[in-house]
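# Working through the structure, step by step
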Amino acid sequence: AVVSTQSTGEAQFTMDKVNITYRGRNASGDRAFSPPGQSAEYFFASDASALIEHTDRVIYLEDDDITSIVDGTLRITRLADHAKTDESASRQITTLRLQLQEIMKGNFSTFMQKEIFEQPESLLNTMRGRIDFANHTVKLGGLANHVTDLKRCRRIIVIASGTSYHSGVATRQLMEELSEIPVVIELSSDFLDRQTPVFRDDVCIFVSQSGETADTLNALKYCKSRGALLVGITNTVGSAISRETACGIHINAGPEIGVASTKAYTSQIVSIVMLSILIGRDRISKKKRCADIIQGLKDLPDLVRSVLKLDDEILALAKDLHSEKSLLLMGRGYNYATCLEGALKVKEVSYMHSEGILSGELKHGPLALVDENMPCVLVVLKDQTYSKCHNALQQVIARHCRPIT
């Protein structure tokens with residue numbers, strides 16, 4: 001939850017924090033927030049973006065906070081049972097850097113469409129100040145004090161849900177290649193159900209656009225109790241995950257209003273790629289590979305712009321498919337995550353059944369679904385999986401399907 005404060009008079013608040021009362025402890029003095037000689041408005045919301053049209057000053061509430069407003073006076077009380085003895089006795093008032101125009105649709109028909117077309121800029125913002133393209137180096141300030149721990153860990157566990165989970169799947173292969181450390185990708189809910197063993201020399205990376213995903217937060221608390229190093233990758237400053245983790249990366253994708261995540265997904269992928277380069281940069285054998293990846297990241301925004309120019313062609317294709325009952329997406333290697341994420345978006349936005357399939361598993365059951373009436377999309381790139389993906393394409397064509405490639 002977020003509390004927002006705004007002065008209704010000409011004078012502005014000069015206070016930059018709100019004191020906290022701990023229930024059950026002896027507290028001296030008045031710990032309430034009451035701007036002297038001014039009237040004030042208070043707004044409550046679950047996300048700061050809902051408040052930007054009213055004010056840019058917010059207080060982020062934490063678990064076990066109890067907030068009350070009586071006669072214009074704001075008081076925050078924290079349950080003593082859950083309060084640490086070394087916790088701060090005040091809560092900072094944060095000034096938002098969000099602009100109102102960032103959460104408006106503009107000339108687009110939907111927020112989701114707007115956010116899709118914002119990807120070239122959001123990707124640049126994710127990389128800005130972090131990648132030195134001239135010297136092929138990466139600097140992540142949020143991880144600076146923990147780089148040695150990241151390199152020495154015995155296992156990396158990426159824990160996320162939904163689209164954020166798919167960003168982990170998309171980057172696992174590259175992270176393993178550059179770090180030479182085993183990487184495990186876990187769904188937050190399943191991770192908790194299994195009570196997965198976690199050790200002190202593990203690194204647990206929690207990926208969430210909002211930073212408030214309930215299952216991911218519960219998994220974080222579970223890993224924290226076992227002493228692992230916690231790393232957060234979020235799009236929201238002041239979120240629960242960014243507060244609870246030891247270090248992390250803010251993806252800087254900008255506010256995402258659409259329910260179906262778009263630009264945050266691609267920025268999460270770039271963030272994890274930068275993290276992978278940071279871990280593997282000191283290996284002589286990985287120098288050229290890291291340099292090639294950084295050059296690819298430099299070209300990425302322009303490549304995304306070229307894809308967005310195909311908007312009319314993609315719209316025509318969507319019109320041909322919108323009346324279908326099901327859609328299969330197939331890929332391999334890096335592109336398996338693309339198929340999983342594409343299938344999720346089709347479900348979320350069109351309410352059509354869709355399934356992302358690892359094309360290497362096609363002959364182990366899914367091929368039975370393919371016939372002339374089943375629309376299929378195959379992602380085939382000229383990488384190390386090209387010949388295997390081409391084989392899957394031939395299998396689909398043999399069953400009289402007309403795949404989109």
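All of these numbers come straight from a predicted model, not from anything done at the bench. (Residues numbered from 1 in each chain as written. Predicted model: local features only at pLDDT ≥ 70, side-chain atom pairs only at ≥ 80, totals over all residues. Heavy atoms only, no water.)

A few words on the nonpolar core. By size, the foremost hydrophobic cluster in this structure holds 48 residues, and its most contacted members are Leu-143, Ile-156, Ile-205 and Ile-277. Top element by residues in this core is helix α8 (residues 263–280). It accounts for 10 residues. Other than its neighbours up to four places away in sequence, Ile-205 contacts Ile-156, Ile-157, Val-158, Ile-159, Met-175, Val-231, Ile-233 and Leu-275. Ranked by size, the runner-up nonpolar core spans 16 residues in total, among them Cys-204, Ala-219, Cys-223 and Ala-228. (Core = buried A, V, L, I, M, F, W, Y, C linked by side-chain atoms within 4.5 Å. Buried < 20%, exposed > 50% of the residue type's maximum accessible area, 1.4 Å probe, protein only. Helix = DSSP H or I, 4+ residues; strand = E, 2+ residues; numbered from the N terminus. Contact = heavy atoms within 4.5 Å.)

Positive phi, normally seen in glycine, also occurs at Asn-252, with a value near 55°. Considering the arrangement of structural elements, one finds Asn-252 in the loop between β15 (247–250) and α8. The phi dihedral of Tyr-351 is positive, around 60°, even though this residue is not glycine. Looking at where Tyr-351 falls in the secondary structure, it is placed in the loop between α11 (335–350) and β17 (353–358). A relative accessible area of 73% means that Tyr-351 is categorised as exposed.

Moving on, we come to a nonpolar patch on the surface. Residues Val-307, Leu-310 and Ile-314 make up a contiguous nonpolar surface patch of about 240 Å² in total accessible area. Within the fold, Ile-314 resides in helix α10 (residues 311–321). The class for Ile-314 is partly exposed, based on a relative accessible area of 47%. (Patch = residues over 30% accessible without salt bridge, like charges linked within 9 Å, V, L, I, M, F, W, Y side chains within 5 Å. Areas by Shrake-Rupley, 256 points an atom, 1.4 Å probe, with all protein chains shown as cover. Salt bridge = Lys/Arg side-chain N within 4 Å of Asp/Glu carboxyl O.)

At their nearest, the axes of α8 and helix α9 (residues 287–308) sit 11 Å apart, and the two run at 155° to each other. Accordingly, the angle class assigned to the pair α8 and α9 is roughly antiparallel. For α8 against α9, the interelement crossing comes out left-handed. Here α8 contributes Val-270, Val-273, Ile-277 and Gly-280 to the contact with α9, which in turn contributes Cys-290, Ile-293, Ile-294, Leu-297 and Leu-300. (Axes fitted to C-alpha atoms, helices over the stretch in contact; angles between N-to-C directions. Parallel < 35°, antiparallel > 145°, perpendicular 65-115°, else oblique. Left-handed = near helix turned anticlockwise from the far one by under 90°.)

Under the criterion given, the structure shown has 18 salt bridges. A salt bridge links Glu-118 to Lys-263; its shortest N-O distance comes to 2.7 Å. Taken together, the positions of Glu-118 in the loop between α1 (111–117) and α2 (119–127) and Lys-263 in helix α8 put the pair 145 residues apart, joining distant regions of the chain. Between Glu-180 and Lys-286 there is a salt bridge whose closest N-O contact spans 3.6 Å. Here the residue Glu-180 occupies a position in the loop between α4 (162–179) and β12 (183–187), and Lys-286 occupies one in the loop between α8 and α9, the gap between them amounting to 106 residues. Judged by its relative accessible area of 14%, Lys-286 is buried.

Shape is all these values report; function is a separate question.
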